[in-house]
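Chain by chain, the residues run as shown.
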Amino acid sequence: MNLVVQILSYHFAQKALLVGTLTALCSALLGVSLVLKRYSMIGDGLSHVGFGALCVAAALNLAPLKVAVPVVIVSAFLLLRISENSRIKGDAAIALISSTAIAVGLIVSSHVDGINADVSGYMFGSVLSVEDSDVPMSVGLSLAVLVLYVLFYNRIFSVTFDESFSKATGTNTAAYNALIALLTAGTVAVGMKLMGTLLISSLIIFPPLSAMRVCKSFRGVVCTSAVLAVVCFFFGIVGSFAFELPAGASVVAVNAAAFLLFLLAGAIGKKVRGRGA
C-alpha cells in the first residue's frame, strides 16, 4: 500500500494510470470481437501506422496525438476496405500497411536530428510520454469508445458471431465492422505512447484470450476480459515502479502470467466437469 500511495503521489503516474486504465478497458472490450473474428492483429498493424505518424509529427514539431489519431483512423478504414474489396486479405493487408508505415517512420527519423529518444519511446512506451495536453484528448476518445460500444453492444455481438445471418436479417454489417475498426483505431492511438507501438496490441489480445479459457458466454468473456485488463494494467504499472521495469513490458508480463493462470484454471475446470459427467 505504501508503494501504491507513493506512485499516486506523482503527477506523471496519475496521468499514466488514468489514460492506461481507460485504454486497457477499451482494448479488452474490442479485443473480444477482434479475436473471435480472427482479426486481432489489426491492433498491431494500426500501432505501426501510428509509429510512422508520430515520427512525422515529431519531425514537424506538431502535437503527436493530433496527427496520429486521424492517420490511424483513416488507416483502419483503408485496411477494412482493402480486405473486403480486393484480393489482399486480412493479415496480408495488415502487413502491407504496417511495414510501409514503419519504413516511413524510420526514414523520417533518420533524417531529423534530435528525435531518436522520441522514436525509442514511441516503439517501447514510457510512463513519462503522457503529456498534460494528451490527457483530455485521450480521456475523451476512450469515453467515446466505451459509450459507442455499450450503445451498439447487441449489434457488435451479432456481427461478431454470425455476420452472414446478421446481413440476412437486414443488419448493415459493413457499417458495424467499420465501427469496430474505428473504435479500435481510436483505442490504439490513445494507448501507443504509453505502451509503445510494439506492445499495444497485447492489450487487445491477452485479456480476451485469458477470459475465453474460463468463460463460455460472450457476455461473460467481455466482462471478465474488461476486469482482467484493468487489474493487469494496474499491477503492471505497480511492478514497473517496484522493480524499475519499462511500463509497457511490465504490463505485458503481468498479462502473460494471468493468461497462464487462466489456462491452468480452464484445464482444471474441464477435468472436474469431465469427472462429474
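Here's a quick rundown of the structure. Every residue gets a number counted from 1 within its own chain, in the order that chain's sequence is written. Only residues with pLDDT of at least 70 are given local features in this predicted model, and only at 80 or more are side-chain atom pairs given and counted; all residues enter the totals for whole chains, interfaces and linings. For side-chain calculations, the full set of non-hydrogen atoms in the structure is used, while hydrogens and water are omitted.

**With respect to empty space enclosed by the protein**
Link 1 in the chain: Residues are called lining when one of their atoms sits within 4 Å of a cavity or pocket point, these points coming from a 1 Å grid over the protein atoms alone, where a cavity is a set in which a 1.4 Å probe fits but cannot get out and a pocket is an open set with protein on both sides within 12 Å along at least five of seven lines. Grid points are joined across faces, edges and corners, and a volume is the space filled by probe spheres set on the points. Counted according to the given criterion, the structure contains 1 cavity of 30 Å³ or more.
Link 2 in the chain: In this model, the largest cavity occupies a volume close to 40 Å³.
Link 3 in the chain: What lines the largest cavity is Val 19, Leu 65, Val 130, Asp 134, Ser 138, Val 190, Lys 193 and Leu 194.
Link 4 in the chain: Where helices and strands are cited, they refer to DSSP runs of H or I of at least four residues and of E of at least two residues respectively, numbered from the N terminus. If you list the elements that add at least two residues to the lining of the largest cavity, you get helix H7 (134-151) and helix H10 (173-195).
Link 5 in the chain: With 3 residues, H10 is the single largest residue contributor to the lining of the largest cavity.

**Let's talk about a positive patch on the surface**
Link 1 in the chain: Together, Arg 213, Lys 216, Lys 270 and Arg 273 make up a region of like positive charge exposed at the surface.
Link 2 in the chain: As for its position among the elements, Lys 270 is in helix H13 (residues 247-276). Patch building starts from residues that exceed 30% relative accessible area and form no salt bridge, then joins like charges within 9 Å and nonpolar side chains (Val, Leu, Ile, Met, Phe, Trp, Tyr) within 5 Å. Surface accessibility follows the Shrake-Rupley procedure with a 1.4 Å probe radius. Residue values consider only the protein chains on display as shielding. Each reported salt bridge corresponds to a side-chain nitrogen of Lys or Arg within 4 Å of a carboxyl oxygen of Asp or Glu. The charge count includes Lys and Arg as positive and Asp and Glu as negative, but it does not include His or the ends of the chains. Where a charge lies is defined by one atom per residue type: Lys uses NZ, Arg uses CZ, Asp uses CG and Glu uses CD.

**Looking at the pattern of salt bridges**
Link 1 in the chain: Throughout the structure, instances matching the rule amount to 1 salt bridge.
Link 2 in the chain: For Lys 15, the salt bridge is made with Asp 132, and the minimal N-O distance between the two is 3.2 Å. Of this pair, Lys 15 sits in helix H2 (residues 11-36) while Asp 132 sits in the loop between helix H6 (116-124) and H7, and the two are 117 residues apart along the sequence.

**Focus: a nonpolar patch on the surface**
Link 1 in the chain: Together, Val 227, Val 231, Phe 234 and Phe 235 make up an exposed nonpolar region whose accessible area comes to about 350 Å².
Link 2 in the chain: Residue position: Val 231 is located in helix H12 (residues 218-242).

**Some words on unusual backbone geometry**
Link 1 in the chain: Look at Asn 61: it is not a glycine, yet its phi comes out positive at around 60°.
Link 2 in the chain: By secondary structure assignment, the location of Asn 61 is in the loop between helix H3 (42-59) and helix H4 (64-85).
Link 3 in the chain: Its relative accessible area of 72% is what places Asn 61 among the exposed residues.
Link 4 in the chain: Backbone geometry places Glu 244, a non-glycine residue, at a positive phi of 55°.
Link 5 in the chain: Note that Glu 244 resides in the loop between H12 and H13. Exposure classes here rest on a 1.4 Å probe applied to the protein chains alone. A residue is buried below 20% of its type maximum, exposed above 50%, and partly exposed in between.

**Notes on H3**
Link 1 in the chain: The terminal C-alpha atoms of H3 lie 26 Å apart, and with 18 residues this matches the ideal 26 Å at 1.5 Å per residue to within 8%.
Link 2 in the chain: Across the 18 residues of H3, 16 count as buried, placing the element largely inside the fold.
Link 3 in the chain: Count one or two residues on from H3 and you reach Asn 61, which has phi positive near 60°. Helices are assigned an expected span. That span is 1.5 Å times one less than the residue count.

**Considering the packing of aromatic side chains**
Link 1 in the chain: Aromatic pairs are defined between Phe, Tyr and Trp rings, using the six-membered ring for Trp, whenever the two ring centres lie within 6.5 Å; interplanar angles under 30 degrees are classed as stacked, those over 60 as edge-to-face, and all others as tilted. Scanning the model with the defined rule gives 10 aromatic pairs in all.
Link 2 in the chain: Aromatic side chains Phe 161 and Phe 218 sit 5.5 Å apart centroid to centroid with 75° between the ring planes, which places their arrangement in the edge-to-face category. One end of the pair, Phe 161, is in helix H8 (residues 153-161); the other, Phe 218, is in helix H12, with 57 residues separating them in the sequence.
Link 3 in the chain: Residue Phe 161 is classed as partly exposed on the basis of its relative accessible area of 48%.

**Remarks on the packing of H7 against H10**
Link 1 in the chain: Where H7 meets H10, the axes come as close as 10 Å, and the angle between the chain directions of the two elements is 150°. On the basis of their axis angle, the class for H7 and H10 is roughly antiparallel. In this structure, H7 meets H10 at a crossing whose hand is left-handed. Here Asp 134, Ser 138, Leu 141, Ser 142, Val 145, Leu 148 and Tyr 149 of H7 lie close against H10, whose contacting residues are Leu 179, Leu 183, Gly 186, Thr 187, Val 190 and Lys 193.
Link 2 in the chain: A breakdown of the residues in the contact of H7 with H10 according to their chemical character gives 7 nonpolar, 4 polar and 2 charged. Every axis corresponds to a line fitted to the C-alpha atoms, with the helix fit spanning only the stretch in contact, and the corresponding angles, defined between N-to-C directions, vary from 0 to 180 degrees. An angle below 35 degrees is treated as roughly parallel, one above 145 as roughly antiparallel, one from 65 to 115 as roughly perpendicular, and anything else as oblique. Rotating anticlockwise by less than a right angle from the far helix to the near helix defines a left-handed crossing, while the corresponding clockwise rotation defines a right-handed one. We call two residues contacting when some pair of their heavy atoms lies within 4.5 Å. Under the scheme applied here, ten amino acids are nonpolar (Ala, Val, Leu, Ile, Met, Phe, Trp, Tyr, Cys and Pro), four are charged (Asp, Glu, Lys and Arg), and all others, including Gly, are polar.

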